[in-house]
Amino acid sequence: VDRHLARITALAGRMLGNRADAEEVAQDVFLRVWQQAAKWRAGEARFSTWLHRVTLNLCHDRLRRRREVALEAAGELPSGAPPPGADLQQAAVAARVQAALAQLPERQRDAILLCHYQELGNIEAAVVLGVSVEALESLLARGRKRLRELLVKEASDLMGDLR
C-alpha cells in the first residue's frame, strides 16, 4: 500500500475530479487486491499494471453511476471567467483540462491518463488497457487531437498571464 497508494489515488483523482472519491476508490482497489490476491498470476502482468487496471475499472463504475444522477443535482456551472492570481489561474487551467478529458471517449481518456499523468510506458499502458502498442498509439493520437480541438478555442483564456 505504501508503495502504490499515491499513484493509485492520483490516477483516480484525475479520472474522477474529486479527491474524496479518489480516496474511496483507492481504498476499494486495495480491498480488491486483498480479496483477489490469490487469483493474480505472476508473470502474466506486473503487479502495478494489475493495480492500474483495477483502478480504471472502479473509476469507470463510479463515473457510470454519476451519469445516472439527475441534472438538477449537478448544481450551477462555474463561471467562464478565469480567476485572478497565478495559483487560481493554474487551478482554472487544470479544471478545464479535466473537463476536456472527461469529454473524450473512455479508451482515449484512459490512454492519456496512463501515459501522460501516470507516466507509464506505451508497452505497460497497452497491457493495462488490453490492446496492442499500435492501438494504444492510435488512441493517444486521437485523444490528443480531440483535446487540442476542445482546448484551442479557450487557449487565450487558459493561458492568461501564465504565458
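Note that this is a predicted model, so its numbers are computed, not measured.

**A short note on the overall build of the protein chain**
- Looking only at helices and strands, the protein chain has eight helices and zero strands in total.
- The long-range share in the protein chain, meaning contacts at least 24 apart out of those at least 6 apart in sequence, stands at 66%.

**Thoughts on the packing of helix α1 (residues 5–16) against helix α2 (residues 19–36)**
- Contact pair α1 / α2: the axes reach a minimum separation of 8 Å and the direction vectors enclose 130°. Taken as axis vectors, α1 and α2 run oblique relative to one another. By crossing handedness, the relation of α1 to α2 is classed as right-handed. Facing Leu5, Ile8, Thr9, Ala12, Gly13 and Leu16 of α1, the residues of α2 in contact are Arg19, Asp21, Ala22, Glu23, Val25, Ala26, Val29 and Phe30.
- A breakdown of the residues in the contact of α1 with α2 according to their chemical character gives nine nonpolar, two polar and three charged.

**Looking at α1**
- The first and last C-alpha atoms of α1 sit 16 Å apart over 12 residues, in line with the 16 Å expected at 1.5 Å per residue.
- For α1, the set of buried residues is Ile8, Thr9, Leu11, Ala12, Met15 and Leu16. Buried residues of α1 fall within an arc of 160° about the axis and therefore sit on the same side.

**Some details on the nonpolar core**
- In terms of nonpolar packing, the biggest core is built from 38 residues, with Val29, Leu114 and Leu136 touching the most fellow members.
- Those residues in contact with valine 29 that lie beyond four places of it in its chain are Ile8, Leu51, Val54, Thr55 and Leu58.

**A word on the environment of leucine 113**
- Tracing the chain through its elements places leucine 113 in helix α5 (residues 106–117).
- With relative accessibility at 0%, the residue leucine 113 sits in the buried group.
- When the C-alpha positions of leucine 113 and leucine 11 are compared, they lie 7.2 Å apart, and in sequence the two are 102 residues distant.

**Concerning the side chain of glutamate 124**
- Of note, glutamate 124 is situated in helix α6 (residues 122–129).
- Glutamate 124 gets classed as buried once you look at its relative accessible area, which sits at 13%.
- Beyond its immediate stretch of four places on either side in the chain, glutamate 124 contacts Arg46, Ser48 and Thr49.

Conventions and cut-offs
The residue numbering used here restarts from 1 in each chain and proceeds along that chain's sequence as written. The model is predicted, so local features are restricted to residues of pLDDT at least 70 and side-chain atom pairs to those at 80 or more, both for listing and for counting; the totals for chains, interfaces and linings are taken over all residues. The side-chain figures draw on all heavy atoms in the structure; neither hydrogens nor water molecules are used. Helix and strand definitions here come from DSSP, where helices need a minimum of 4 consecutive H or I residues and strands a minimum of 2 consecutive E residues; each element is numbered from the N-terminal end. Contact criterion: two residues are considered in contact whenever any of their non-hydrogen atoms come within 4.5 Å of each other. For helices, the fitted axis covers only the stretch in contact; all axes are lines through C-alpha atoms, and the angles between them, taken along N-to-C directions, range from 0 to 180 degrees. For classification purposes, angles smaller than 35 degrees are called roughly parallel, those larger than 145 roughly antiparallel, those between 65 and 115 roughly perpendicular, and all remaining angles oblique. Each helix crossing is assigned a hand: it is left-handed if the near helix lies turned anticlockwise from the far helix by less than a right angle, otherwise right-handed if that turn is clockwise. Nonpolar residues are Ala, Val, Leu, Ile, Met, Phe, Trp, Tyr, Cys and Pro. Charged residues are Asp, Glu, Lys and Arg, and all others, Gly as well, are polar. To estimate how far a helix should extend, the number of its residues minus one is multiplied by 1.5 Å. The classification of residues rests on relative accessible area computed with a 1.4 Å probe and restricted to protein chains. Under 20% of the type maximum is buried, over 50% is exposed, and intermediate values are partly exposed. Our arc is simply the arc of the directions from the helix axis toward the C-beta atoms. In plain words, nonpolar cores are sets of buried Ala, Val, Leu, Ile, Met, Phe, Trp, Tyr and Cys residues tied together by side-chain atoms within 4.5 Å.

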